[in-house]
Amino acid sequence: MKKLIPLLIVIIAIISPIKTFPDAGDPLPIPNISATEAINLANQYFKVLLSDSKIKAEDCILLSAEWTNHYRDSYYEEWSWIVRFVHPIHNDVSWTFKVTNTRKVITIEHTV
């Protein structure tokens, strides 16, 4: 019996970490539009939005484009591209757009 205790400890030490790692989540859905197309759609919408503004869309840069189903604390039923532009000098000024699989562009945040 004394010889089995170290063997049991070794077996438990080997087997116990197997289930401690979390399982992978659900697979990501494949987008209907490419990141490039989503960025172009958001950029076109952005130019129209800023047509009467002192800030020009051409002066802003693309900060990120992310395929996701959430933004900050908001979760969406559908996955979409979240595209964000920022002004390089006044970097506290940014615009965030949601580009859906149906190519609809929605402003979800504008910070000044």
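Predicted model, so just to flag it, every value in this text is computed and none were measured.

About the cut-offs
- Residues numbered from 1 in each chain as written.
- Predicted model: local features only at pLDDT ≥ 70, side-chain atom pairs only at ≥ 80, totals over all residues.
- Heavy atoms only, no water.
- Phe/Tyr/Trp six-rings, centres within 6.5 Å; stacked < 30°, edge-to-face > 60°.
- Helix = DSSP H or I, 4+ residues; strand = E, 2+ residues; numbered from the N terminus.
- Buried < 20%, exposed > 50% of the residue type's maximum accessible area, 1.4 Å probe, protein only.
- Lys NZ or Arg CZ within 6 Å of the ring centre and 35° of its normal.
- Pairing = 2+ DSSP bridges.
- Axes fitted to C-alpha atoms, helices over the stretch in contact; angles between N-to-C directions.

Trainee: Before we go on, may I ask you to explain the packing of aromatic side chains in this structure?
Mentor: Two aromatic rings, taken as a pair, are described by how far apart their centres are and by the angle between their planes. For the coordinates displayed, the defined rule picks out seven aromatic pairs. When the centroid spacing of 5.6 Å and the interplanar angle of 85 degrees are considered together, the rings of Y45 and F97 count as edge-to-face. Of this pair, Y45 sits in helix α2 (residues 35–49) while F97 sits in strand β3 (residues 94–99), and the two are 52 residues apart along the sequence. Here Y45 falls in the partly exposed class, since its relative accessible area comes to 33%. Pairing W67 with W79 gives two aromatic rings, centres 6.0 Å apart and planes at 35 degrees, and the pair type is tilted. Residue W67 is located in strand β1 (residues 61–71), and its partner W79 is located in strand β2 (residues 74–86); the two are separated by 12 residues in the primary sequence. An aromatic cluster is built from Y45, F46, F85, W95 and F97, whose rings are joined through pairwise contacts. The side chain of K98 reaches across the aromatic face of Y76, ending 3.9 Å from its centre.

Trainee: Help me understand the sheet that holds β3 in this model?
Mentor: The strands making up a sheet associate through backbone hydrogen bonding, with each pair oriented either parallel or antiparallel. What the four strands build is an open sheet, ordered β1-β2-β3-β4; its pairing is antiparallel. Each having just a single partner strand, β1 and β4 (105–111) make up the two edges of the open sheet. With strand direction ignored, the average angle separating the axes of adjacent strands in the sheet is 25 degrees.

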